[in-house]
Structure formats: C-alpha cells, structure tokens
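Architecture and fold: a report
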Amino acid sequence: MNLSPERQEAIAATLAALVECAERARDASDTEAAKRALNNVWYAAHHATETIIEAERATRREALDKLEAAA
C-alpha cells in the first residue's frame, strides 16, 4: 500500500517514540524505572499500531473514493 508522505512521517514518528521508550527501559537504572518504561513501551506500541491502522484505512478510503468518482 502506498501511503502519503504525511502518513509515512506519522508512522515513522510513532515508531521512533516506541524505540525511544524501549531504549529507556533497556537503560533504566533500577527495576522500578524499567517497569515504568516498559509500561510506556506498551502504550507507544499501541499508539504506533493505531497510527498504522488509521493510515491504511484513510489510504484505502481515498482509493475507493477515486474509484467511485471515476465510475
């Protein structure tokens, strides 16, 4: 699926945030900090997944609108 540059950038940003959270968990100085960071990883992963799903939906919707307009 060919996503718009804006959607690709949004996905890249959410994935970068996910990586940053994971790196904080890896680099945590104690177990409590690691657990908090891992909790943030979960939320970041969920947000990244939702961003990807919405980008795909919007792209599909635009493609279907173009097909319907051409018909």
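In what follows, the accompanying structure is described. It should be emphasised that the depicted structure is a prediction, and the values quoted were computed from it without experimental measurement. (Residues numbered from 1 in each chain as written. Predicted model: local features only at pLDDT ≥ 70, side-chain atom pairs only at ≥ 80, totals over all residues. Heavy atoms only, no water.)

Turning to the packing of helix H1 (residues 5-26) against helix H2 (residues 31-70), a few remarks are in order. In the contact formed by H1 and H2, the axes pass within 8 Å of each other and the chain directions differ by 170 degrees. When the axes of H1 and H2 are compared, the pair comes out roughly antiparallel. Here H1 runs over H2; the crossing is left-handed. For the contact of H1 with H2, a count of residues per class yields 18 nonpolar, five polar and three charged. (Axes fitted to C-alpha atoms, helices over the stretch in contact; angles between N-to-C directions. Helix = DSSP H or I, 4+ residues; strand = E, 2+ residues; numbered from the N terminus. Parallel < 35°, antiparallel > 145°, perpendicular 65-115°, else oblique. Left-handed = near helix turned anticlockwise from the far one by under 90°. Nonpolar A, V, L, I, M, F, W, Y, C, P; charged D, E, K, R; others polar.)

Moving on to H2. For H2, spanning 40 residues, the distance from its first C-alpha to its last is 58 Å, which sits close to the expected 58 Å at 1.5 Å a residue. Of the positions making up H2, those classed as buried are Ala33, Ala34, Ala37, Val41, Ala44, Ala48, Thr51, Ala55, Ala58 and Thr59. The inward-facing, buried residues of H2 contact H1. (Expected span 1.5 Å × (residues − 1). Buried < 20%, exposed > 50% of the residue type's maximum accessible area, 1.4 Å probe, protein only. Contact = heavy atoms within 4.5 Å.)

Turning to H1, a few remarks are in order. Since one α-helical turn is 3.6 residues long, residues separated by three or four positions face the same way. Over its 22 residues, H1 extends 31 Å from the first C-alpha to the last, a length consistent with the 32 Å expected when each residue adds 1.5 Å. Among all positions of H1, only Arg7, Ile11, Thr14, Cys21 and Ala25 are buried. In a view along the axis of H1, the buried residues occupy a sector of 85 degrees, so they form one face of it. In H1, the exposed positions that point more than 90 degrees away from the buried face belong to Pro5, Glu6, Glu9 and Arg26. Contact partners of the buried residues in H1: H2. (Arc of directions from axis to C-beta.)

If you trace the backbone, Asp30 turns up in the loop between H1 and H2. Of the residues examined, Asp30 reaches a relative accessible area of 39% and is grouped as partly exposed. Along the chain, Asp30 and Ala16 lie 14 residues apart, while their C-alpha atoms are 23 Å from each other. A distance of 3.5 Å separates the side chain of Asp30 from the side chain of Ser29, its partner in a polar contact. A distance of 2.7 Å separates the side chain of Asp30 from the backbone nitrogen of Ala33, its partner in a polar contact. (Polar contact = N/O pair within 3.5 Å; in protein donor to acceptor, adjacent residues only side chain to side chain.)

In total, this model carries six salt bridges according to the counting rule given. Between Glu32 and Lys35 there is a salt bridge whose closest N-O contact spans 2.8 Å. One end of the pair, Glu32, and the other, Lys35, are both in helix H2, three residues apart, so they sit about a helical turn from each other. Residue Glu32 is classed as partly exposed on the basis of its relative accessible area of 42%. (Salt bridge = Lys/Arg side-chain N within 4 Å of Asp/Glu carboxyl O.)

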